[in-house]
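Working through the structure, step by step
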Amino acid sequence: MTTLLSMPHVSLIAQPCALVVQGDLNVNAAAELAAAGVKWLESSRLADVVLDFSGVTKASSAAISVLFEWLRACHSLGIVVTSIALSTPLERLTSLAELDALIGSPNAEA
């Protein structure tokens, strides 16, 4: 387990085959968090990965934006996303935005 980014309200942790976000991911942290995750994905040489947002405390479009940035990176790098874990607030947001199918099938062509 390696901390890739630690900010006052949010952190990004790399596990052997997973990126884990914890805390309050807001718009102020989104770009830096997304970039740190993409950099890790590019250097990881993984065949598959789990994207874990289950520790995100508040629903935020910033969190969804980071998720989609990582999905694009995985697609371009040929990394299979084996699962996406969302916190309850993020599950509600993705349901309201009708993104359930995309998140449920992260490797499907858009």
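Keep in mind that what you see is a predicted model, and the values were worked out from it rather than measured.

Judged by pairing direction, the sheet is mixed, and its 5 strands sit side by side in the order 1-2-3-4-5 without closing on themselves. Across the chains shown, the open sheet's two edge strands, defined by having one partner strand only, are strand 1 (2-6) and strand 5 (80-86). Strand-to-strand twist across the sheet, computed as the mean angle between neighbouring axes with direction ignored, equals 15°. Most of the contacts of helix 2 (residues 61-77) go to strand 4 (residues 48-56), to which it runs at about 175°, and overall it touches strand 2 (10-15), strand 3 (18-23), strand 4 and strand 5.

Moving on, we come to the pairing of strand 3. Where burial is concerned, most of strand 3 is hidden: 5 out of the 6 residues are buried. Bridge count for strand 2 against strand 3 is 6 bridges, and the pairing is antiparallel. Across the sheet, isoleucine 13 pairs through a bridge with valine 20, a residue of strand 3. Where strand 2 folds back onto strand 3 in an antiparallel hairpin, the turn is made up of 2 residues. The pairing of strand 3 with strand 4 spans 5 bridges and is classified as parallel. Bridge pairing in strand 4 places glutamine 22 opposite glycine 55. Read from strand 3 through helix 1 (residues 27-44) to strand 4, the crossover connection turns out right-handed.

This brings us to the nonpolar core. Looking at soluble globular proteins, one finds that nonpolar side chains tend to be buried together. Counting 36 residues, the largest nonpolar core has Val21, Leu25, Leu41, Val49, Leu51, Phe53 and Trp70 as the members making the most contacts within it. Of all the secondary structure elements, the ones that give two or more residues to this core are strand 2, strand 3, helix 1, strand 4, helix 2 and strand 5. Among the elements that take part in this core, helix 2 stands out by supplying 10 residues, more than any other. Sequence-distant contacts of phenylalanine 53, defined by excluding residues within four places in its chain, comprise Val21, Leu25, Ala63, Val66, Leu67, Trp70, Ala85, Leu86, Ser87 and Leu90.

To continue, consider the packing of aromatic side chains. Under the counting rule described, the total for this entry stands at 1 aromatic pair. Here phenylalanine 53 and tryptophan 70 contribute two aromatic rings whose centre-to-centre distance is 5.4 Å and whose plane-to-plane angle is 45°, an arrangement assigned as tilted. Within this pair, whereas phenylalanine 53 is found in strand 4, its partner tryptophan 70 is found in helix 2, the two being separated by 17 residues in sequence. Of the two residues examined, phenylalanine 53 and tryptophan 70, each falls in the buried class.

Parameters and conventions
- Residues numbered from 1 in each chain as written.
- Predicted model: local features only at pLDDT ≥ 70, side-chain atom pairs only at ≥ 80, totals over all residues.
- Heavy atoms only, no water.
- Pairing = 2+ DSSP bridges.
- Helix = DSSP H or I, 4+ residues; strand = E, 2+ residues; numbered from the N terminus.
- Axes fitted to C-alpha atoms, helices over the stretch in contact; angles between N-to-C directions.
- Contact = heavy atoms within 4.5 Å.
- Buried < 20%, exposed > 50% of the residue type's maximum accessible area, 1.4 Å probe, protein only.
- Right-handed = clockwise from strand over helix to strand, strands pointing away.
- Core = buried A, V, L, I, M, F, W, Y, C linked by side-chain atoms within 4.5 Å.
- Phe/Tyr/Trp six-rings, centres within 6.5 Å; stacked < 30°, edge-to-face > 60°.

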